Amino acid sequence: MPQNNVSGKGVRIVDIRTDTITKPTQAMRNVMAIAEVGDSVFGEDPTVDKLERRCADLLGKEDAIYLPSGTMCNLIAIMVHCNKRGVEFIAGDKSHSYLCELGGAAVLAGVQCSQIHNKPDGTFCLEELQRRIHPEVNLRSATTGLIIIENTHNLCGGKVLPLEWIDDLAKIASKFKVPLHMDGARIMNAVVQSKVPAKRIARDMDSVFFCFSKGLGCPMGSVLCGTASFVNEARRLRKMLGGDVRQVGIIAAACLLALDEMIDRLQIDHDHALQIAKAIDDMQSDIVRVDLSSVQTNMALITFDSKLVTAKEFLEKLAHVSPTDSVQVCVKGGFINDEEARFVLQWEVTDEDVSCAIEKVKMVIGQIHQDLKRRGKKRPLS
């Protein structure tokens, strides 16, 4: 995306590209300043130890390990479960582990990804899954060493996986003796939306992680949970991948605070996403659309008739502010492809920010229809 063209004083910037841009709260900064720390690699950082114990209990697992990123969590989970080269893991074709992690499993572990089509709700066909599993070594196919699911599902618009589907999946995985890993980067959004405890959502997972650096607002870090033997091997691989951080209790202190103060408030982000989505839906545009029923958490997925306006063009118009605009607001949204963009809400986006963003979105949609009408390409808004 090009740099936003914002000129003039008094321009409000509403950044809703993603929830990874969050800055720590003042309360987080306060506890970070006084955090008790030690050498985490030696197991001597009491704040990290406390965080790992608490996260393991929260997810219902034996042990946990604090890692720099969710990408490293997924990679290490793949490397532990698929512990020899020439193995495959099965994941959705819109999954973060397949699309957004630079092929790390193939490059670093010699593990290939077998993609299965994601449905709009983030699930995939369990009958097809059973056909795709190769549980034993043969002379033609890579052995299936792992199944990965994502909850909430990022590129499906922040969808919460149905608990019944997860339970049915777990029965299949148990039948074929294939471990399950949950990319739970935003599992706390799923907890808030579904009102189902994280421990229950992750009950049948052999490993699961969640991020602190997204909606929970911490500077960095994710926690990967599993059995004690799984985590022990994960610690070895963390060292190999250069993920060991020494006095990381300074950051872990913010994560502990986030568990107390930042989970329940995720509902505000969910409400904000729905407000923006509803405003777009109310415009009744046949060019810029949103499916209200699909807005479950802190993401609103916007779709476009790309023959008339692409997502990139729409986002450029949202970000551009000229002195003559009636709405002096720069809105930054997230590009997915020509037909899709997304807005992701997080704790720093206020009620007033949302109201201003809605004004700008409505102005831009109106302008798009007016421009197309003048060129005789499309009818005006109804």
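Up top you'll find the structure we're talking about.
A brief look at the structure comes next. (Residues numbered from 1 in each chain as written. Predicted model: local features only at pLDDT ≥ 70, side-chain atom pairs only at ≥ 80, totals over all residues. Heavy atoms only, no water.)

So, unusual backbone geometry
Glycine aside, the phi torsion of most residues is negative, and most peptide linkages are trans. For clarity, the threshold we go by: By the criteria applied, helices consist of DSSP H or I runs no shorter than four residues and strands consist of E runs no shorter than two, each listed in order from the N terminus. For each residue, the accessible area found with a 1.4 Å probe, counting protein chains only, is set against the maximum for its type, and the residue is called buried under 20%, exposed over 50%, and partly exposed in between.
With omega at 0°, the peptide bond leading from Asn151 into Thr152 counts as cis. By the secondary structure assignment, Thr152 is in the loop between strand 5 (143-150) and helix 7 (163-176). One non-glycine residue, Leu102, adopts positive backbone phi at about 55°. Assignment of secondary structure puts Leu102 in the loop between helix 4 (96-99) and helix 5 (104-109). The class of Leu102 is exposed, set by a relative accessible area of 83%. Notably, Gln284 is not glycine yet its phi reads approximately 55°, a positive angle. Along the chain, the position of Gln284 falls in the loop between helix 12 (266-282) and strand 9 (288-290). The exposure class of Gln284 is exposed, given its relative accessible area of 52%.

Side note on the sheet that holds strand 3 (residues 87-92)
Strands in a sheet are paired, the pairing made by backbone hydrogen bonds, and the direction either parallel or antiparallel. The condition is simple: Strand pairing is defined by DSSP finding a minimum of two bridges between the two strands. Between the N-to-C directions of two axes lies an angle of 0 to 180 degrees, each axis being a line fitted to C-alpha atoms and, for a helix, fitted only over the stretch in contact.
On the basis of which strands lie adjacent, the open sheet formed by seven strands has the order 2-8-7-6-5-3-4 and mixed pairing. At either end of the open sheet lies a strand with only one pairing partner, and these are strand 2 (63-67) and strand 4 (112-116). Taken pair by pair, the neighbouring strands of this sheet meet at an average axis angle of 20°, ignoring direction. Note: strand 7 (residues 207-211) against strand 8 (residues 222-226), five bridges, orientation antiparallel. From the neighbouring strand, Phe210 faces strand 8, where its bridge partner is Val223.

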